[in-house]
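# Structural description and commentary
Listed here are the chains, written in short residue letters.
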Amino acid sequence: MTKNGSGFSKGKLAGAIAGLGLAGMYWFSQLSGKATPAEQNWRYPADDLIDANYPNARSSTYAIDIDAPAYAVYRIFKQIGCDKSGSFSSEFLERTFARLPFYNSYEIQEEFQQPDSLMPGDIAAFDYHGMSMEWADVVPGKYLVQWVDTKVPPAAPGSYAFRFPGFTHYAAAWCFYVVPLKGNRCRLINHWRVGFEPNTWWAAAMNWINIELVGGCMAHMQNLYVKRVAEFRKKEQWSGKFMRGVLGGRWFATGTPAGRWDNTPLFEDTYTQWMRYGRQKPAVTEIRQPVTDNPNWPPTGPDSPWADRVDDQYFVDWEEPEFSWDEQIRQKKEKTYLTDWGKKK
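Residues numbered from 1 in each chain as written. Predicted model: local features only at pLDDT ≥ 70, side-chain atom pairs only at ≥ 80, totals over all residues. Heavy atoms only, no water.

## Things to note about unusual backbone geometry
The peptide bond linking glutamate 197 to proline 198 adopts the cis configuration, its omega dihedral lying at -5 degrees. In this structure, proline 198 sits in the loop between strand 6 (185-197) and helix 6 (201-230). Residues tryptophan 297 and proline 298 are joined by a peptide bond in cis, for which omega reads 5 degrees. Mapped onto the elements, proline 298 comes out in the loop between helix 8 (265-268) and helix 9 (325-334). The backbone of phenylalanine 88 shows a phi angle near 60 degrees, a positive value even though the residue is not glycine. Residue placement: phenylalanine 88 occurs in the loop between helix 4 (70-77) and helix 5 (91-96). Residue phenylalanine 88 is classed as buried on the basis of its relative accessible area of 2%. (Helix = DSSP H or I, 4+ residues; strand = E, 2+ residues; numbered from the N terminus. Buried < 20%, exposed > 50% of the residue type's maximum accessible area, 1.4 Å probe, protein only.)

## Considerations on the sheet that holds strand 6
Across the sheet, which stays open at both edges, the six strands sit in the order 1-6-5-4-3-2 with antiparallel pairing between neighbours. The open sheet has two edge strands, strand 1 (58-66) and strand 2 (123-125), and neither has a second partner. Each neighbouring strand pair of the sheet contributes to a mean axis angle of 25 degrees, computed without reference to strand direction. In this sheet, strand 6 lies alongside strand 1 in antiparallel orientation, the contact comprising nine bridges. Bridge pairing in strand 6 links alanine 63 to isoleucine 189. Seen against the sheet, helix 4 touches strand 1, strand 3 (132-139), strand 4 (143-149), strand 5 (169-181) and strand 6 and runs at an angle of roughly 150 degrees to strand 5. Relative to the sheet, helix 6 contacts strand 1, strand 5 and strand 6, its axis offset from that of strand 1 by approximately 15 degrees. (Pairing = 2+ DSSP bridges. Axes fitted to C-alpha atoms, helices over the stretch in contact; angles between N-to-C directions. Contact = heavy atoms within 4.5 Å.)

## Quick word on helix 6
If you look at helix 6, its biggest bend is around 55 degrees, right at glycine 215. Just past helix 6, the residue phenylalanine 232 takes up positive phi, approximately 60 degrees. (Bend = angle between axes of the 7 residues up to and from the residue.)

## Description of the nonpolar core
If you look at the biggest cluster of nonpolar residues, it comprises 47 residues, and the most contacted ones within it are Ile66, Val73, Phe77, Met133, Tyr170, Leu188 and Val226. For this core, the elements supplying multiple residues, two or more each, are strand 1, helix 4, strand 2, strand 3, strand 4, strand 5, strand 6 and helix 6. For this core, the leading source of residues is helix 6, giving nine residues. In contact with valine 226, not counting residues within four places along its chain, are Ile66, Val73, Ile76, Phe77, Phe88 and Leu188. The next biggest cluster of nonpolar side chains, apart from the first, holds 15 residues, and it includes Tyr44, Ala57, Ala171 and Ile189. (Core = buried A, V, L, I, M, F, W, Y, C linked by side-chain atoms within 4.5 Å.)

## Regarding the pairing of strand 6
Judged by how many residues are buried, strand 6 sits mostly within the fold: 11 of 13 residues are covered. Note: strand 5 against strand 6, 13 bridges, orientation antiparallel. Paired with valine 178 across the two strands is leucine 188, which belongs to strand 6. Hairpin connection of strand 5 to strand 6: three residues between the antiparallel strands, including glycine 183 at a positive phi of 90 degrees.

## Observations regarding the side chain of histidine 220
With respect to the helices and strands, the residue histidine 220 is situated in helix 6. Here histidine 220 falls in the buried class, since its relative accessible area comes to 8%. Discounting chain neighbours no more than four positions away, the residues touching histidine 220 are Phe28, Ser32, Gly33 and Tyr62.

## Thoughts on the pattern of salt bridges
Taken as a whole and judged by the stated rule, the model has 17 salt bridges. Arginine 43 is paired through a salt bridge with aspartate 51; the nearest N and O atoms lie 2.5 Å apart. Glutamate 231 serves as the salt-bridge partner of arginine 233, at 2.9 Å between the closest nitrogen and oxygen. Among the residues examined, arginine 233 registers a relative accessible area of 41% and is labelled partly exposed. Because the salt bridges share partners, they merge into one network encompassing Glu39, Asp65, Asp67, Arg185 and Arg187. (Salt bridge = Lys/Arg side-chain N within 4 Å of Asp/Glu carboxyl O.)

## Observations concerning the state of the cysteines
Linking two cysteines covalently through their sulfur atoms gives a disulfide. Scanning the entire structure with this criterion turns up zero disulfides. Free cysteine cysteine 82: the closest other cysteine sulfur is in cysteine 175, separated by 19 Å. Residue classification places cysteine 82 among the buried residues on the basis of a relative accessible area of 8%. Here cysteine 186 is not cross-linked by a disulfide; its sulfur's nearest cysteine counterpart is in cysteine 175, at 17 Å. (Disulfide = S-S within 2.5 Å.)

## A word on the environment of methionine 275
Considering the arrangement of structural elements, one finds methionine 275 in the loop between helix 8 and helix 9. Excluding residues within four positions of it along the chain, methionine 275 makes contact with Gln109 and Glu111.

Here's what the structure looks like:
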């Protein structure tokens, strides 16, 4: 085969692979996982956020039945975000193609389940650099809504309302509704509603790719992952299995357990750590009590390495200051710290 012929064959092969990939994405996003026509046409509680500013608003809706109570599904989505438990979709695709720092953790975590763990106005973080949505509606046990609009950007400093090149304005609401079903089951509605300006074919095409083709694949996959988690069928990720094998004593056993719960179901079926469980009885208490106050620090004696420089009055009449957003903003603007910060007045 000639050099040109070989190149042409490779081009055709690449085109065929790309075509198959797009066909697979179309099938997965458009021919499976979709909500019923009635569910797609339903007007959902947060649709008004988009309709308020965009007469061309449109929706994309996926749904799935889950053999678990509605609250079991709600609390999973309460942990969504790159700063919490990930996206519950393909973290490989999120990181590889979208360059988003999602790492999925499928365990319920105490710190994300408190009454104030998720509040309207909190950032629904896609990354740490500012591309964000903001939590708008938080209805315990029923639904969660994250929303962004370039006409009404997120309140948090450092965040921005994202839009695609060629768009003047863009708004999106990403909503997770749970409908309790008889028999201790539920229906998960994964619902996008968007609006954009200008109302051109280019903007419409970009939007379809975003929330129907690519977004549809991710939403469908997300529904499947959440179903497996809620039904206790989610398998361990390969990366976690590898790390446990190499560093957790699975493959190079020494006879000494690497984990307190090794060879028990509580470890074998728990694939990511329960971050705050140890507060009940920290492991360190088997050696000594944890230290939360030490009046002997810093050392001020003549034999200490800092004897000639230590401020031995710094912690006199000092207590940890209450956090203040106003003070944080002042520091950012003035680039100074308070004198005697934390001193009792």
